Amino acid sequence: MSVFSFINATECEQAAELCDYLRGLGAELHKDLCECETDLPAALDEIISSAEKCFSKGKDEDIEAALNSIVTLVLLMPTEIAQKQVRELSAKLSGPAVRLGKLDRSAMSLRVLHNLFQGHDDKSPLRYHVYRAMLTISRDSGHISRLVQCGVPTVRGWCRDWELATSEVLDLLRLLHDAQLAAGRGDDATRTMLALLAEYTDDNAELARDDAYKCVSTHLANPTTFLYDHLLRLKPVALLRGDPVYDLLSIFVRGSLHDYLDYYAKHKESIEGLSLDHEKNLTKMRLLTFMSLAADKSEISFAEMESQLDISRSEVESFVIEILKTQLVKTKIDEVNSRVIISSTIHRTFEKEQWVQLREKLSTWKSNISKVQANLTRVTE
């Protein structure tokens, strides 16, 4: 274990100075417990109990020095004693005292927590409480610092190293997801939610209903996500069958704009319950509907687009620009013949029919290559 040293003093002197500092900020500390010559852990418990007082007033450099001094003492404690201290200190450093009025010391708290995190062994389960506090600050501040690693593979590796219970893994991934959403990292939040649902097994999938709702909401709201069929194969999502939310997801998987409009007329409350924006849903469903049309055709008339996408002739060009931005369909406008020409498209679902089509295309490609080889052989003979 690496130990940080922030002031040139013995542990007892450090504790005594911290007690005096906190009393000066209005903390009511038991004098007997602060006599660390007899019981340093008890003195540290007393200090941590009022650690949030550090944020009440003073210069930032003084506050951070005091908090780092507390971290130094915590890192000296044996694991069996430090467990409660790390948990309580992490809670103090991520609590409401960090943001008092216009003063937001989230960045400071993250630096202190990062020192506490790095001060423990890589596989120490105490890191769980610290990392959880760092995610809490990230969620509440709407910003993820470079000090906070949030890649799903890294976090899952930590969960294994720390030997967390399933409930703790789920809790950590939920918090990571919420922090990423708050920070505007929609794509990252989507990947985290998939990792979260993957943690459920057949034995506990029925407990995942709220997470399944959140998964559907996160994916549908993400402006860069357009393919959803993989969600239907997740056990927690599959158990929503018969629920209006499952029906909504099914429409985004393979339905049309008109299917969505019919659904909205009957289940407007489901859209609102998932905190989804109806207008944004309409925009996405137009794009998805066009993908379905393009999958089976080499050209689409303006008239069909107007009918299927519920747009006017004057909106066709701007719609094509939007679909090109997604890179889901390659197309161009033929103004003379009032149509769009389809070069290629991504399928919304990839099932048996698509596999058969792929096999046929590969067989054709193989046959054409064989013919080219045969022709080259004849030329060179």
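Residues numbered from 1 in each chain as written. Predicted model: local features only at pLDDT ≥ 70, side-chain atom pairs only at ≥ 80, totals over all residues. Heavy atoms only, no water.

## So, the packing of aromatic side chains
Geometry of an aromatic ring pair is reported as the spacing of the ring centres plus the angle between the planes. Evaluation of the coordinates by the stated rule reveals nine aromatic pairs. Between Lys284 and the ring centre of Phe226, over which it is positioned, the NZ or CZ distance is 5.4 Å. (Phe/Tyr/Trp six-rings, centres within 6.5 Å; stacked < 30°, edge-to-face > 60°. Lys NZ or Arg CZ within 6 Å of the ring centre and 35° of its normal.)

## Things to note about the nonpolar core
Counting 107 residues, the largest nonpolar core has Ile70, Tyr131, Phe290 and Met305 as the members making the most contacts within it. Residues contacting Ile70, with those up to four places away along its chain left out, are Leu18, Leu44, Ile47, Ile48, Ala51 and Leu89. (Core = buried A, V, L, I, M, F, W, Y, C linked by side-chain atoms within 4.5 Å. Buried < 20%, exposed > 50% of the residue type's maximum accessible area, 1.4 Å probe, protein only. Contact = heavy atoms within 4.5 Å.)

## As for the sheet that holds strand β5 (residues 339-345)
Read from one edge of the open sheet, three strands run β3-β5-β4, paired in antiparallel fashion. With partners counted over all chains shown, the strands left at the sheet margins are β3 (299-301) and β4 (329-334), one partner each. This sheet shows a mean twist of 25 degrees between the axes of neighbouring strands, independent of strand direction. Two strands pair when backbone bridges link them, and β3 and β5 are joined in this way by three bridges, in the antiparallel orientation. What sits directly across from Ser301, in β5, is Arg339. Sitting on the sheet, helix α15 (residues 278-295) is in contact with β3, β4 and β5, with an inclination near 85 degrees to β5. Sheet contacts for helix α16 (residues 302-309): β3, β4 and β5; angle to β3, the most-contacted strand, approximately 75 degrees. (Pairing = 2+ DSSP bridges. Helix = DSSP H or I, 4+ residues; strand = E, 2+ residues; numbered from the N terminus. Axes fitted to C-alpha atoms, helices over the stretch in contact; angles between N-to-C directions.)

## So, a nonpolar patch on the surface
Taken together, the side chains of Leu362, Trp365 and Ile369 make up a nonpolar region of the molecular surface, amounting to roughly 330 Å² of accessible area. Following the sequence through the fold, Leu362 ends up in helix α18 (residues 352-380). Its relative accessible area of 47% is what places Leu362 among the partly exposed residues. (Patch = residues over 30% accessible without salt bridge, like charges linked within 9 Å, V, L, I, M, F, W, Y side chains within 5 Å. Areas by Shrake-Rupley, 256 points an atom, 1.4 Å probe, with all protein chains shown as cover. Salt bridge = Lys/Arg side-chain N within 4 Å of Asp/Glu carboxyl O.)

## Brief notes about the pattern of salt bridges
When charged atoms on two side chains of opposite charge get close, those side chains can pair. In total, this model carries 20 salt bridges according to the counting rule given. The closest approach of N and O atoms between Glu52 and Lys92, which form a salt bridge, is 2.9 Å. Here Glu52 is found in the loop between α2 (40-49) and α3 (60-76), whereas its partner Lys92 is found in helix α4 (residues 79-93), with 40 residues between them in sequence. What makes Glu52 partly exposed here is its relative accessible area of 27%. A salt bridge links Lys297 to Glu304; the nearest nitrogen and oxygen atoms lie 2.5 Å apart. What makes Lys297 partly exposed here is its relative accessible area of 34%. Glu304 sits in the partly exposed class, given a relative accessible area of 22%. Among the ionic contacts, a cluster of salt bridges with common partners joins Arg99, Arg139 and Asp140.

## Notes on the packing of helix α12 (residues 244-254) against helix α13 (residues 257-266)
Viewed as axis vectors pointing N to C, α12 and α13 meet at an angle of 160 degrees, and their least axial separation amounts to 9 Å. In terms of axis orientation, α12 runs roughly antiparallel to α13. Note on packing geometry: the crossing formed by α12 with α13 is left-handed. Of the residues in α13, those touching α12 at Pro244, Val245, Asp247, Leu248, Ile251 and Phe252 are Asp259, Tyr260 and Tyr263. (Parallel < 35°, antiparallel > 145°, perpendicular 65-115°, else oblique. Left-handed = near helix turned anticlockwise from the far one by under 90°.)

## Side note on helix α8 (residues 166-182)
Given a rise of 1.5 Å per residue, 17 residues ought to cover 24 Å, and the 24 Å separating the end C-alpha atoms of α8 matches this to within 8%. Where α8 is concerned, the buried positions are Val169, Leu170, Asp171, Leu172, Leu173, Leu175, Leu176, His177, Ala179 and Gln180. Here the buried face of α8 lies against α6 (126-141), α7 (152-161), α9 (186-198) and α10 (209-221). (Expected span 1.5 Å × (residues − 1).)

## Focus: unusual backbone geometry
Despite not being glycine, Glu163 has its phi angle at roughly 55 degrees, a positive value. Inspection of the secondary structure assignment puts Glu163 in the loop between α7 and α8. When its relative accessible area of 70% is taken as the criterion, Glu163 is described as exposed. Positive phi is not limited to glycine here, since Ser275 has a value of about 60 degrees. Residue position: Ser275 is located in the loop between α14 (268-273) and α15.

## Notes on the pairing of β5
Direction of pairing for β4 relative to β5: antiparallel, over a ladder of six bridges. For Ile333, the partnering residue across the bridge sits in β5 and is Val340. The turn linking β4 back onto β5 is made up of four residues, and Ser338 within it adopts a positive phi angle of 50 degrees.

## Digging into the side chain of Ser138
Relative to the helices and strands, Ser138 resides in helix α6. On the basis of relative accessibility, which here comes to 0%, the residue Ser138 falls in the buried class. Excluding anything up to four places from it in sequence, Ser138 contacts His143, Ile144, Val148 and Ala179.

## Overview of the side chain of Arg105
Along the polypeptide, Arg105 turns up in the loop between β2 (103-104) and α5 (106-118). You can call Arg105 buried: its relative accessible area is 7%. Contacts of Arg105, omitting those with residues within four sequence positions, involve Phe55, Gly58, Asp60, Ile63 and Val98.

## Focus on the environment of Asp188
Locating Asp188 in the fold gives a position in helix α9. What makes Asp188 partly exposed here is its relative accessible area of 24%. For the pair Asp188 and Val152, spaced 36 residues apart in the sequence, the C-alpha separation amounts to 8.5 Å. Within the local environment of Asp188, its side chain forms a polar contact with the side chain of Arg191, the two groups lying 2.5 Å apart. (Polar contact = N/O pair within 3.5 Å; in protein donor to acceptor, adjacent residues only side chain to side chain.)

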